[in-house]
Amino acid sequence: MSHFTGRRAAAKCSICGAPAVARVPYARLTLCSRHFMEFIERKVERVLRRAGALRRGARLLAAVSGGKDSAAMLTALARITKSNGVEVVGLHLVLGFGPYSRKSREAAEEACRVNNIPCIVLDLEEVLGAPVQAIARRARRPVCSVCGLIKRYVINAAAVELGADYVAMGHNADDIIAYTVKMFLNQDLAAIAKLGPSTESIDSLAVARLRPLYEVTEKESLLYAILSSTPFLHEECPFRPVTPIEERVKEFMNRVEEEHPGMKINYIRRLESNIELYKKIAGIEDWDIQQCQSCGLLSAGNECSFCRLTRRTLGEAKGAYIRRVIRELAAGLATRNS
Ligand SMILES: [Zn+2]
Ligand SMILES: [Zn+2]
């Protein structure tokens, strides 16, 4: 897909003939603003429908970072769920990375506000009693990996406490391709098996995940956020590694896509249909499900990785405490709504 500039500005929408704003070579379409947005919303709707999430009374917790992808996801979700009784709640985690985090929070709250979606904000430094960077330093691990672990835990804990049926994550198609290629290079097939458009809930231990932007590329997500006037932060996280493998894969795939339109969408659709196969190969079906003895959520052993991390770096396992804090926030939200 590309943005029209200069001499191409005269192109017309394949559907209605209005001036086009986007070209989608893999679908052989040029689209006006309205039909481009509908094109994206149909992709998002497909993920929700196939996961069974479009039913009256379903509650969906959307992780909102404040970036373009979460902005696009939020607006598409708000539009799609408007008429079918699905409730969307936003969750923003304040990471404590200085001005970047302050601006991220503002953008996330704005994106929720313009879409009329309640937004729960959780300050990680406040609830953990230490900044994420300090925890990473004490654990002798990269900030990104510790930050990712903490976010995954807190998002799932929040979904459990809020009684959400699904958690929506803003990973776009390029993110998913890059991550799965990286995992293939590592021959970590179990990691690939977890990257379908949706995962199922595990009792009261883990809430089902949705990736509404599964078939939406990075450029499409950006254009959708712009065309829908959803506020978002343009800056990248200051702790982002300089040369992540994912970035190299993205550059490579963008070159391939230019020469062979449709490669990305084919990859992502084949990946979706092969997920069960990856699960089988990785033996995921046979993994026994355990409950963390400290916090009661999903764990691969006696204690979950979050409780182990916080025990080692902060002197105590924080899972149960985090769950309590979120429960109180959720109670506040319920009173505000009634
Ligand atoms: Zn049109
Ligand atoms: Zn735990």
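Predicted model, so just to flag it, every value in this text is computed and none were measured. (Residues numbered from 1 in each chain as written. Chains lettered and ligands numbered in written order. Predicted model: local features only at pLDDT ≥ 70, side-chain atom pairs only at ≥ 80, totals over all residues.)

## A look at the environment of Arg-137
Among the secondary structure elements, Arg-137 is positioned in helix H5 (residues 132–139). With 14 C-beta atoms packed within 10 Å, Arg-137 lands in the partly exposed category. Distance in space between the C-alpha atoms of Arg-137 and Leu-227 is 41 Å, their sequence separation being 90 residues. (Helix = DSSP H or I, 4+ residues; strand = E, 2+ residues; numbered from the N terminus. Buried ≥ 20, exposed ≤ 12 C-beta atoms within 10 Å, placed from the backbone.)

## Remarks on helix H2 (residues 68–81)
Taking 1.5 Å of rise per residue, the 14 residues of H2 would be expected to cover 20 Å, and the 20 Å separating its terminal C-alpha atoms lies within 8% of that figure. Among the 14 residues in H2, 12 count as buried, and that is most of the element. Within the sequence span of H2, burial applies to Lys-68, Asp-69, Ser-70, Ala-71, Ala-72, Met-73, Leu-74, Thr-75, Ala-76, Leu-77, Ala-78 and Ile-80. (Expected span 1.5 Å × (residues − 1).)

## Focus: helix H7 (residues 173–185)
The first and last C-alpha atoms of H7 sit 18 Å apart over 13 residues, in line with the 18 Å expected at 1.5 Å per residue. Taken residue by residue, H7 has Ala-173, Asp-174, Asp-175, Ile-176, Ile-177, Ala-178 and Thr-180 as its buried positions. Lining the buried residues of H7 we find helix H8 (189–193), helix H9 (218–227), helix H10 (245–259) and helix H11 (263–282). Where H7 terminates, the next one or two residues include Gln-187, which has phi positive at roughly 55°. (Contact = placed C-beta atoms within 7 Å.)

## A short note on the UniProt feature "domain: 2-thiouridine synthetase TtuA-like N-terminal LIM" (unreviewed entry) in the protein chain
Within this structure's numbering, the places UniProt gives as "domain: 2-thiouridine synthetase TtuA-like N-terminal LIM" (unreviewed entry) are residues 12–36. The span residues 12–36 is 16% helical and 24% strand by assignment, and the distance between its end C-alpha atoms comes to 12 Å. (UniProt positions renumbered as here; feature names shortened; annotations may be inferred.)

## Thoughts on the environment of Val-89
With respect to the helices and strands, the residue Val-89 is situated in strand S5 (residues 87–94). Val-89 sits 28 residues away from Ile-117 along the chain, and the two C-alpha atoms are 5.9 Å apart. Apart from residues no more than four positions distant in its own chain, Val-89 is found in contact with Arg-59, Leu-61, Ile-117, Pro-118, Ile-120 and Leu-162.

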